[in-house]
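So the chains spell out like this:
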Protein chains: 2
Amino acid sequence: MRAAAIRTLTLDAVAAANSGHSGMPMGMADVATVLFERHLKFDPKAPRWADRDRFILSAGHGSMLIYSLLYLTGYADVTIEQIKNFRQWGAITAGHPEYGHVSGVETTTGPLGQGIANSVGFAIAEENLRARWGSKVQDHYTYVIAGDGCLMEGVSQEAIALAGKQQLSRLIVMWDNNGITIDGKVSMSDVTDQRARFAASGWNVLHCDGHDPVDIDRALTAAKKSDKPTLIDCKTHIALGHAAQDTSKGHGALTDPAQMKAVKELYGWTSEPFVIPAAIKAQWEAFGVRGGEARAAWEARMAALSPAKQAEFARIFAGDVPAKLPAIIRGVKKAATEAGAKLATRSASEKVLQAVNPVLPETIGGSADLTGSNNTKTADLGVFGVEDRKGRYVYYGIREHGMASAMNGMALHGGVRPYSGTFMCFTDYARPAMRLSALMGVPVVYVMTHDSIGLGEDGPTHQPVEHLAISRATPNTYVFRPADLVETAEAWEIAFTSKKTPSVLALSRQNLPTVRKTHTNTNMTAKGAYVLEEAVGKRQVILMATGSEVEIALKARDLLQAEGIGTRVVSMPSMELFAAQDEAYRRKVLPPGPVRVAIEAGVRQGWDRWLLGERGRDGKADFVGMSSFGASAPMERLYKEFGITAENAVAKVKAML
Amino acid sequence: MRAAAIRTLTLDAVAAANSGHSGMPMGMADVATVLFERHLKFDPKAPRWADRDRFILSAGHGSMLIYSLLYLTGYADVTIEQIKNFRQWGAITAGHPEYGHVSGVETTTGPLGQGIANSVGFAIAEENLRARWGSKVQDHYTYVIAGDGCLMEGVSQEAIALAGKQQLSRLIVMWDNNGITIDGKVSMSDVTDQRARFAASGWNVLHCDGHDPVDIDRALTAAKKSDKPTLIDCKTHIALGHAAQDTSKGHGALTDPAQMKAVKELYGWTSEPFVIPAAIKAQWEAFGVRGGEARAAWEARMAALSPAKQAEFARIFAGDVPAKLPAIIRGVKKAATEAGAKLATRSASEKVLQAVNPVLPETIGGSADLTGSNNTKTADLGVFGVEDRKGRYVYYGIREHGMASAMNGMALHGGVRPYSGTFMCFTDYARPAMRLSALMGVPVVYVMTHDSIGLGEDGPTHQPVEHLAISRATPNTYVFRPADLVETAEAWEIAFTSKKTPSVLALSRQNLPTVRKTHTNTNMTAKGAYVLEEAVGKRQVILMATGSEVEIALKARDLLQAEGIGTRVVSMPSMELFAAQDEAYRRKVLPPGPVRVAIEAGVRQGWDRWLLGERGRDGKADFVGMSSFGASAPMERLYKEFGITAENAVAKVKAML
């Protein structure tokens, strides 16, 4: 009857919403019941307890499974009213489980494959923290329920292979093997032997009857003893007991009243809709007692740590940076301005990490097989692996999507602060996970090097053109394109202190001059845009640029000033942060009147707001950038051929004056 | 010495460019030599011959392998001058192989995993055309060289599983198993048993010594006899013979003169750089003779077909539509205007396909497991599968990326015209392949339904917000957001007649009214934007909208006109096509003066150009749309809460008047 409580709550909520997915919670109710009853370490009274087991519903459309579990076990925010308001405006019980809305939801799922890929990050974070803090402080499992859809998505392979290589034995995936997708039987589009597939990547593979509590318990018990990650193939029936059982119709909203009545009778369920008999509710709530006891023991152990250690643990789980970070950033900036060196911003980023990583022990760096190009590895990190669980650098392999999704998982786990690199163009591969970083508000950092045609010979397949626009179009995302080491250090400072917003650092392959000539303690990048060079004489022109094109803007200014045309140069490392300034500041940086030209080796989309004025009346404007894909050639030639030059900027200015 | 010719050309070209990837062509030269010598059906004199075998270099960074092969076998466009200009401006020998630049390059590769995923589409096209036209007309193989990077990318799993399910026995993948990636040994990030992995998805798995011609030939011969797709595990040494052999250094540009000298000596190669001894060149050129004879035989068989069949075959490979298509589209439009029904544009799309598919036998539809939601399947198509190779609908499974990449492969193969659907939000999953559609200029059609918060309860994980901007930011991409069945038919007409540009159709889940009240034969969508309703009285306001928000714009116009405020409504189904009109037309549709409000349930980015005027002086403007992610609730509530209403548009207009 405990599992029936999940099934009937699901039916009732979906019927009330007249939308949703009934079949999956009905199919996996038995597995979930055994997990929560006998294995999962959780305490509804402390949903954010740092040493809880993590439970991830990768098949997020089955959201009523997790909402039912949270309501039944007594999470305070998941009331029966919330269940009744499933999928309604203002309810925390969204159509798919959303991190930050519901206390017991560890990650936002729904886009298939993301949960299982997040889980690898959860498990890496746990291994790493356990190694660094000891098993008295961190010692838990990550459990995942994944469906056929999760396993068909390519990102699952990246996750599986990474977990297998890393022997993440605390990761247990329960596969809801019901043989059904939306279009029909799984066999219509897949013949993969999933057990063999997981085994091929180094997993422990078990199976069970997903409706036999004893068999489920046996499999979970065995899984926890493995020295590898475990897949449990749970043979289940979607929409168990319902007229739509074992059909694709069973995947969706089962709202027919007569069929609902029949299946409730089959379950022996006699309560009114949304009513759980007190005895059954009490059984469910008792499951949390085990976790509560474990939490009390954990808190006693934590109290025995030194005050400094307790404070440090609290700090890393709160996502606070050490107090000395700003001074370190200021030091890097000051040295950079004084040295005035020519440096690629990817190398500038490495210099910042070299300074910061030693004082931020929570960072975990990585790269999708471009370590030497992304400059993400600093000497002190060590390499995370079976041989060194304390290592703080992950060789993710050629798996941008899995990497991004694992970073989300790490950040959601807490206690670590992940950053990782690939080429900017391969933002495309990581997009689904990057969007979820923004939607969930997790402050991961994407180190995207080779950020324009400036990468040269590798050609248009590797040259981002639309990718700045793509990231800028995404809500709650900081896109930084720093011009030199000073701005790079400022961007990293914002990225590391962000608590709710992911950052994309667009960094050059090619060397760039130091454009910030005067040191200031103020983080100018935090203003989004600022006056880098003021006009001499009457201000007739404003040139705006980011990153590698700031150098070009400065050259264009020299040419214009030589002709007596007063020209201001604005560096705009972050449009989002500039848009977040008050209007007075924005008008100060971009006053109406002067003609404006923006220079960026990407598409114009996104620039019009700053070129044309937010009200569209600021003056004449033009753009120097890309309107097509790039080409394969040395970078100097490409900039010339695509007209991204100081001379072209000057010509565009003069045509408007 | 034939393989040495590849190796030395590679070394010479990379040294001349001082960039590139030497190790892969050096490692796979023996495999490629055996393939071209004994198996590949190709004719350098007719690179586009429809029944040639397709050769795909999925590991595109090894581009000098394919350029060497094409030069050596005598493709006219690949001259030694082109080899000498490897990676230079204007050369066809780009850093990564680019479709359309070089006659023998079947697909653009470089972003890893794309080639192997394309190849599934090539093989599907071949199976389908062979079934429909007979093996006298279509009867060839698709050969792929893939590296470890291709196999680590998640999209490879989607491709492998789809090929296994479909038993694409004409697909043969040669895995360059050299154990090395950029970061070091493959084992640093992967322990996957690739042979077991492919076998788990229904592949025939073979292996060979990648440097033993006899063993390579044995494996290829066996592969061709299989009734399944075949993986050949080719054990190779990256940068064979070079000081950097078997190291990650060997992956990159090997330009050290002394080491080059040493390895050439090891090969027994005494020619000057870029010089191939005549005898060796002659051996290579002789390999094409086999293909030339096969082509002559094929041409004789084709000549025996009826003239109508010959013309039809030429038509589908030219990508021309039947002459009657325009009349069919006009018929759909006329009926739609007359009926004036309320209809979701995804259903409108289905109606168009129902009319068009019977007269376009080259279409191949599909969906990533959302057939009933994307409305992509029409009754006449049949289902492509082992049981019915003539079927024209593919159940791709939950594999948006693999689907998109397979569509690219089909379109590149020729003779078929693929379209497929998923939810608009999952553009994210398909992005890497969608970008390549645009870069290569292949006219595939992405049917992206559920195109806004209008999908309602599924919530923000499924609600596109930034995705119109993403596709619009991508060069050479048509983004259509039709408002009703009339515009949907017009958009499909453009998509089906496009030869060089992919199309994204953004379609609503929710019902929409017919907004085109008067029938016209002219394809108004082809103009990108047009006046849907003219102002009555003095034109004070222009409202612009797309798709589902055109209805809202019309309601806002009614409210404004009721107050005597003359208001024009512009429907803008395609920004790209509007931008492509001459300035006179654009000014006619959007004259300066009236205040402008654009209404679209997406982010503002991309709209400023039309709101603010291309010169930024057109007048006051505002935007009604999204500036955050969506939420889970019924759609009517969402539109109200996010302020995408006629009332809000009116308020914004009045604030500016």
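Above this note sits the structure.
Residues numbered from 1 in each chain as written. Chains lettered and ligands numbered in written order. Predicted model: local features only at pLDDT ≥ 70, side-chain atom pairs only at ≥ 80, totals over all residues. Heavy atoms only, no water.

Caption draft 1: Geometry of the interface of chain A and chain B. Taken together, the contacts link 105 residues of chain A with 105 residues of chain B. For the pair chain A and chain B, the two sides together bury roughly 8,200 Å², of which 58% comes from carbon and sulfur. The largest share of the area that chain A buries against chain B comes from A:W89, A:Y429 and A:R435, three residues that together contribute 10% of it. Summed over the shared surface of chain A and chain B, the number is ten salt bridges. With a shortest N-O distance of 2.8 Å, A:R435 and B:E466 are connected by a salt bridge. (Contact = heavy atoms within 4.5 Å. Buried area = accessible area lost by both parts, 1.4 Å probe. Salt bridge = Lys/Arg side-chain N within 4 Å of Asp/Glu carboxyl O.)

Caption draft 2: Representation of the packing of aromatic side chains within the structure. This model, assessed by the stated rule, comprises 42 aromatic pairs over all chains. Taking the centre distance of 5.1 Å and the plane angle of 55° together, the rings of A:F36 and A:F42 count as tilted. Each member of the pair A:F36 and A:F42 is classed as buried. An angle of 75° between the planes, with centres 6.2 Å apart, marks the rings of B:F578 and B:Y585 as edge-to-face. Residue B:F578 is classed as buried on the basis of its relative accessible area, which comes to 0%. You can call B:Y585 buried: its relative accessible area is 14%. Linked through ring pairs, A:W49, A:W133, A:W298, A:F313 and A:F317 together constitute an aromatic cluster. A cation sits over an aromatic face here: A:K527 above A:Y585, 5.4 Å from the ring centre. Lying across the ring of B:Y71, B:K281 places its NZ or CZ 4.7 Å from the centre. (Phe/Tyr/Trp six-rings, centres within 6.5 Å; stacked < 30°, edge-to-face > 60°. Buried < 20%, exposed > 50% of the residue type's maximum accessible area, 1.4 Å probe, protein only. Lys NZ or Arg CZ within 6 Å of the ring centre and 35° of its normal.)

Caption draft 3: Spatial organisation of the packing of helix α13 (residues 325-339) of chain A against helix α19 (residues 485-497) of chain A. Residue and element names in this part refer to chain A. Running from N to C, α13 and α19 cross one another at 170°; their axes reach a closest spacing of 8 Å. Here α13 is positioned roughly antiparallel relative to α19, judged by the angle of their axes. Touching L325, P326, I329, V332, K333, A336 and T337 of α13 are L485, V486, A489, E490, E493, F496 and T497, all from α19. For the contact of α13 with α19, the residue count by class is nine nonpolar, two polar and three charged. (Axes fitted to C-alpha atoms, helices over the stretch in contact; angles between N-to-C directions. Helix = DSSP H or I, 4+ residues; strand = E, 2+ residues; numbered from the N terminus. Parallel < 35°, antiparallel > 145°, perpendicular 65-115°, else oblique. Nonpolar A, V, L, I, M, F, W, Y, C, P; charged D, E, K, R; others polar.)

Caption draft 4: Looking closely at helix α1 (residues 2-17) of chain A. Residues and elements named next belong to chain A. Between its terminal C-alpha atoms α1 stretches 23 Å, which fits the 22 Å expected from 16 residues at 1.5 Å a residue. Within α1, 13 of the 16 residues are buried, which leaves it mostly tucked inside the rest of the structure. N18 lies just past α1 and shows a positive phi near 55°. (Expected span 1.5 Å × (residues − 1).)

Remember, this is a structural readout, not a statement about activity or role.
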